[in-house]
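This is what each chain is made of:
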Amino acid sequence: MAMGRGSAKAVLVVFVLVVLSSEWADAATYTVGDRGGWTFNVAGWPRGKTFRAGDILVFNYASAAHNVVAVNKVGYQKCSTTPGNAKVYQTGKDRIRLAKGQNFFICSFPGHCQSGMKVAITAT
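All of these numbers come straight from a predicted model, not from anything done at the bench. (Residues numbered from 1 in each chain as written. Predicted model: local features only at pLDDT ≥ 70, side-chain atom pairs only at ≥ 80, totals over all residues. Heavy atoms only, no water.)

Trainee: What should I look at first to understand the overall build of the protein chain in this one?
Mentor: Looking only at helices and strands, the protein chain has 2 helices and 7 strands in total. Tracing the protein chain from N to C terminus, the helices and strands come up as α-β-β-β-α-β-β-β-β. The buried share among the 124 residues of the protein chain stands at 34%. If you take every contact in the protein chain between residues at least 6 apart in sequence, the share linking residues at least 24 apart comes to 70%. Taken as a whole, the protein chain presents about 7700 Å² of accessible surface, with 58% of it coming from carbon and sulfur. (Helix = DSSP H or I, 4+ residues; strand = E, 2+ residues; numbered from the N terminus. Buried < 20%, exposed > 50% of the residue type's maximum accessible area, 1.4 Å probe, protein only. Contact = heavy atoms within 4.5 Å. Areas by Shrake-Rupley, 256 points an atom, 1.4 Å probe, with all protein chains shown as cover.)

Right, here's the structure in full:
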């Protein structure tokens, strides 16, 4: 009997892994700013695109000149990273998986967000 229960658990684990991998396999990859990359005036870049939870955003930029900070709505509106628990990316080739709902990203270098280096994306 124990052997049967173990087999059922193994089948369940395999099933869950297949379902999860199929969802991730369907994920689309988007380069923020397209060929221009993560730079100024990209706030309008999402227009006309449909994003789903699990899709990947690629942020390409010069890491000495910019960064990407995942912020909440207030942080996006005020170009602020406070309360300070925002996730900062700084490789210059960041890949970020979208969560369901609203996702907000800014550059925290002085004046960059205020100059349009921010993007808000809603994933269904």
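Trainee: Mind showing me how you'd approach the packing of aromatic side chains here?
Mentor: The description of two aromatic rings rests on the distance between their centres and on the angle between their planes. For the structure shown, the criterion picks out 6 aromatic pairs. Where Y76 meets F104, the ring centres are 5.2 Å apart and the plane angle is 40 degrees; that geometry is what we call tilted. Taken together, the residues Y76 in helix α2 (residues 73–78) and F104 in strand β6 (residues 101–106) connect sequence positions 28 residues apart. The burial state of Y76 is the same as that of F104; both residues are buried. Through successive ring pairs, a cluster of aromatic residues spans Y30, W45 and F51. Taking the ring centre of Y89 as reference, the NZ or CZ of K87 above it sits at 5.1 Å. One residue, K118, lies across the ring of Y76, its end atom 4.5 Å from the ring centre. (Phe/Tyr/Trp six-rings, centres within 6.5 Å; stacked < 30°, edge-to-face > 60°. Lys NZ or Arg CZ within 6 Å of the ring centre and 35° of its normal.)

Trainee: Hey, could you run me through the sheet that holds strand β5 (residues 93–97) in this one?
Mentor: By definition, the strands of a sheet pair up through backbone hydrogen bonds, in either a parallel or an antiparallel sense. Across the sheet, 3 strands lie side by side as β1-β2-β5; this open sheet has mixed pairing. The sheet is open, and its two borders are formed by β1 (29–31) and β5, each paired with just one other strand. Across this sheet, the average inter-strand angle for adjacent strands is 20 degrees, counted without regard to direction. Of the strand pairs in this sheet, strand β2 (residues 56–60) and β5 are connected by 5 bridges, and their pairing is antiparallel. When the sheet's bridge partners are listed, V58 is paired in β5 with R95. (Pairing = 2+ DSSP bridges. Axes fitted to C-alpha atoms, helices over the stretch in contact; angles between N-to-C directions.)

Trainee: Sorry if this is basic, but what is going on with unusual backbone geometry here?
Mentor: Phi is mostly negative for residues that are not glycine, and the peptide bonds are mostly trans. In this structure, D34 is a non-glycine residue whose phi angle is positive, near 55 degrees. Take D34: its relative accessible area is 44%, and that puts it in the partly exposed class. The residue C79 is not glycine, and still its phi comes out positive at about 50 degrees. Among the structural elements, C79 can be located in the loop between α2 and β4 (87–89). Assessed through its relative accessible area of 19%, C79 is described here as buried.

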